[in-house]
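# An overview of the molecular structure
In case you want the letters, here they are:
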Amino acid sequence: MNFNFTEEEQDILNSLQKYVDEEIAPKAHDIDENEEFPVQARNDLAEQGYFGMYFPEEYGGAGLSYLSYIAAAEKIAEACATTSIVLMAHESLCMWPIFTYGTDAAKQKYLPKLCSGEILGAFALTEPGAGTDAAMQKTTYRAEGDHFVLNGGKCFITNAQFADVFVVFAMKEGLHENHGISGFIVEKDYPGFQVIGHELKMGIRGSSTAQLAFDEVKVPAENLLGQEGKGFKVAMTTLDGGRIGVAAQAVGIAQAAIRETVKYDKERIQFGKPIWKFQNTQFQLAEMQAHVDAARLLVYRAAQYKQDHPDLKTAPDISAYAAMAKLVASEVASDVTRKCVQLCGGFGYSREYPFERHMRDAKITEIYEGTSEVQRMVISGWLGAKY
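Nothing here was measured: the structure is a model prediction, and the numbers come from that model. (Residues numbered from 1 in each chain as written. Predicted model: local features only at pLDDT ≥ 70, side-chain atom pairs only at ≥ 80, totals over all residues. Heavy atoms only, no water.)

We now examine a negative patch on the surface. Together, Glu7, Glu8, Asp11 and Glu57 make up a region of like negative charge exposed at the surface. Within the fold, aspartate 11 resides in helix H1 (residues 7-24). Using a relative accessible area of 45% as the deciding quantity, one classes aspartate 11 as partly exposed. (Patch = residues over 30% accessible without salt bridge, like charges linked within 9 Å, V, L, I, M, F, W, Y side chains within 5 Å. Areas by Shrake-Rupley, 256 points an atom, 1.4 Å probe, with all protein chains shown as cover. Salt bridge = Lys/Arg side-chain N within 4 Å of Asp/Glu carboxyl O. Lys, Arg positive; Asp, Glu negative; His and termini not counted. Charge placed at Lys NZ, Arg CZ, Asp CG, Glu CD. Helix = DSSP H or I, 4+ residues; strand = E, 2+ residues; numbered from the N terminus. Buried < 20%, exposed > 50% of the residue type's maximum accessible area, 1.4 Å probe, protein only.)

Below, the structure is given as structure tokens:
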């Protein structure tokens with residue numbers, strides 16, 4: 001593993017850095033304060049080719065490495081966590097399962113438009129009674145002629161109000177085990193499909209998060225993902241990639257908090273000198289940075305491993321590597337951002353400064369796409385099988 005980018009990829013990442021510094025970061029406060037979906041950034045990133053970074057050129061993608069996509073996700077998250085999750089839900093959670101498990105007809109129909117950003121994607125697994133226990137799906141489906149019929153509902157769906165295409169999971173009518181789950185591609189305009197409400201969240205407040213309802217929604221047979229009844233595997237392998245993205249997001253949030261805290265502490269005078277001059281402050285920030293860099297290495301290891309093993313049959317460690325990256329990065333992000341608020345005192349608590357936003361944004365990385373407890377289950381299960 002060398003974690004190296006090609007010259008083209010490095011140029012693209014440099015260009016992205018310039019864009020996020022000039023266009024995304026200055027708007028992050030207002031996006032959070034007004035709970036505003038980042039429409040302009042979504043459109044700009046699509047136009048610049050970031051919506052299909054690691055997908056093949058034959059489908060309209062940029063054909064870049066998966067590692068470069070993860071690096072891009074981190075850069076965007078460092079500027080605005082809300083904007084980063086819009087991209088990741090689209091690319092990791094919607095596009096990847098279509099590319100990996102979709103029929104040829106589905107790939108040809110959806111991937112070019114998803115890569116270009118003409119349409120936006122979402123992923124729908126979570127239900128009120130099926131969060132961590134994802135196998136307990138209550139949304140159901142039945143086969144009927146040349147299509148499937150879905151009924152039920154989902155919650156906490158990212159991009160929901162702005163998405164055009166959803167990857168949806170449902171249990172076959174009459175079954176209650178994970179081998180009865182199947183995945184489907186559902187378009188927003190299918191009759192009987194509805195997006196409901198907008199969740200009022202603690203962090204990533206500009207992200208569109210809503211409920212979905214399905215009332216006799218007919219889905220064409222060619223929109224089935226993989227084999228019927230094998231949808232639980234589709235969901236879990238999709239989440240492996242999603243967790244690497246969330247880990248990169250967590251690293252970006254933590255890095256932003258450290259950067260802003262150092263700047264603030266160099267200017268804030270207490271007891272006749274900048275807070276930065278106190279050894280306690282320097283040592284705390286030094287330790288934080290070391291932990292963030294360690295987390296980044298775990299993220300890059302998982303990304304490199306996924307990149308090197310595109311065939312899931314030859315990637316026995318991907319779930320564990322993704323889980324370790326997400327577990328460590330998310331908990332580091334929560335710890336770092338909380339400490340940064342403390343180091344900045346009352347101003348750290350003020351919404352006029354970014355510190356409290358970083359702390360609020362960091363918390364969700366410990367929860368979505370598998371809680372920290374789930375990551376520990378995955379890692380310990382891997383350890384038991386390995387040794």
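That shown, we press on.
Membership of the largest hydrophobic core comes to 120 residues, with the highest contact counts inside it found for Leu150, Val186 and Val299. With near-sequence residues (within four places) excluded, valine 186 lies in contact with Leu150, Asp164, Val165, Phe166, Val168, Phe193, Phe214, Val217 and Val219. (Core = buried A, V, L, I, M, F, W, Y, C linked by side-chain atoms within 4.5 Å. Contact = heavy atoms within 4.5 Å.)

Tallying each qualifying case throughout the model produces 22 salt bridges. Its salt-bridge partner being glutamate 187, residue lysine 109 comes within 2.9 Å of it at the nearest N-O pair. Taken together, the residues lysine 109 in helix H6 (residues 104-116) and glutamate 187 in strand S5 (residues 181-187) connect sequence positions 78 residues apart. On the basis of relative accessibility, which here comes to 45%, the residue lysine 109 falls in the partly exposed class. The salt bridge involving arginine 376 is made with glutamate 331; its shortest N-O contact spans 3.1 Å. Of this pair, arginine 376 sits in helix H12 (residues 372-386) while glutamate 331 is found in helix H9 (residues 318-343), placing the two residues 45 residues apart along the sequence. A cluster of three or more residues bridged by salt bridges with shared partners is formed by Asp32, Glu35, Arg205, Glu356 and Arg360.

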